[in-house]
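# Chain and residue survey
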Amino acid sequence: MLRRIFLSLAMVSLLSVSANAADIDVSNAKCPVSKTKPAVAGQSVDYNGAKVFLCCGNCKKAFSKDPAKFAARANAQLVATKQAKQKCCPLTGGKLNGSTVITVAGAKVCFCCNNCKGKAEGKKGDAQVDLVFGKKAFKKAFKVSEK
Ligand SMILES: [Zn+2]
Ligand SMILES: [Zn+2]
């Protein structure tokens, strides 16, 4: 009986260790430089108090040289990898309405109302990513999680 208790305790501690070590799930992450290729766990750079993942060594170099150029997509990736959490509407700072969720650059994002959702949906490509995850919007509406 004691032995069983000990074993289950050991398993619980193993599980919690691996939950920490398995840190970041990059399965939804797209490389912010190539924009379309999947990011890989082995190509990461420290960014904004978190980590951003690239698809290859070349993109890693390009990103390290000029992170600001790729900031909006890197910010989106922080959300897609759950390293950043959304606090409010990126357009207005208003309270989030869960029924307005859309996916931008691989990241799920909510707005305060259908009007804001419509504005975001009306944009395409970089313009859409910039609107939702650009420097100002990200600072207003998202918070990088504490480690
Ligand atoms: Zn690449
Ligand atoms: Zn709104």
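Reading guide: rules and limits
- Residues numbered from 1 in each chain as written.
- Chains lettered and ligands numbered in written order.
- Predicted model: local features only at pLDDT ≥ 70, side-chain atom pairs only at ≥ 80, totals over all residues.
- Heavy atoms only, no water.
- Donors = N, O, S within 2.8 Å, 3.2 Å for Na, K, Ca; no water.
- Buried < 20%, exposed > 50% of the residue type's maximum accessible area, 1.4 Å probe, protein only.
- Phe/Tyr/Trp six-rings, centres within 6.5 Å; stacked < 30°, edge-to-face > 60°.
- Helix = DSSP H or I, 4+ residues; strand = E, 2+ residues; numbered from the N terminus.
- Pairing = 2+ DSSP bridges.
- pLDDT = per-residue confidence, 0-100.
- Contact = heavy atoms within 4.5 Å.

### Regarding the coordination of the zinc ion (ligand 1)
Protein coordination at the zinc ion (ligand 1) comes from C55 (SG), C56 (SG) and C59 (SG), with a distance range of 2.1 to 2.3 Å. The sequence pattern describing where the donors of the zinc ion (ligand 1) fall on their chain is C-C-x2-C. Residue C55 shares its accessibility class with C59, and that shared class is buried.

### Brief notes about the packing of aromatic side chains
Using the criterion set out here, one finds 4 aromatic pairs in the structure. For the pair F133 and F142, a centre-to-centre distance of 5.3 Å together with 40° between the ring planes defines the contact as tilted. A relative accessible area of 0% means that F133 is categorised as buried. Note on F142: relative accessible area 4%, which makes it buried.

### Side note on the pairing of strand 5 (residues 107-111)
Most of strand 5 is tucked away: 4 of the 5 residues are buried. One ladder, built from 4 bridges, connects strand 4 (residues 97-104) with strand 5; its direction is antiparallel. When the bridges of strand 5 are listed, I102 appears paired with V109. Where strand 4 hands over to strand 5, the hairpin turn is made up of 2 residues, of which A105 adopts a positive phi near 50°.

### Quick notes on the confidence of the model for the protein chain
On average, residues of the protein chain score 89 in pLDDT, and 84% of them are at 70 or above. Segment residues 13-22: pLDDT under 50, and 0 contacts once partners within four positions in sequence are set aside and those in other chains are kept.

### Quick notes on the coordination of the zinc ion (ligand 2)
Only C112 (SG), C113 (SG) and C116 (SG) from the protein coordinate the zinc ion (ligand 2), and they sit 2.0 to 2.3 Å from it. For the zinc ion (ligand 2), all donor residues lie on one chain, and their spacing in sequence is C-C-x2-C. Taking relative accessible area as the criterion, C113 reaches 26% and is therefore assigned partly exposed.

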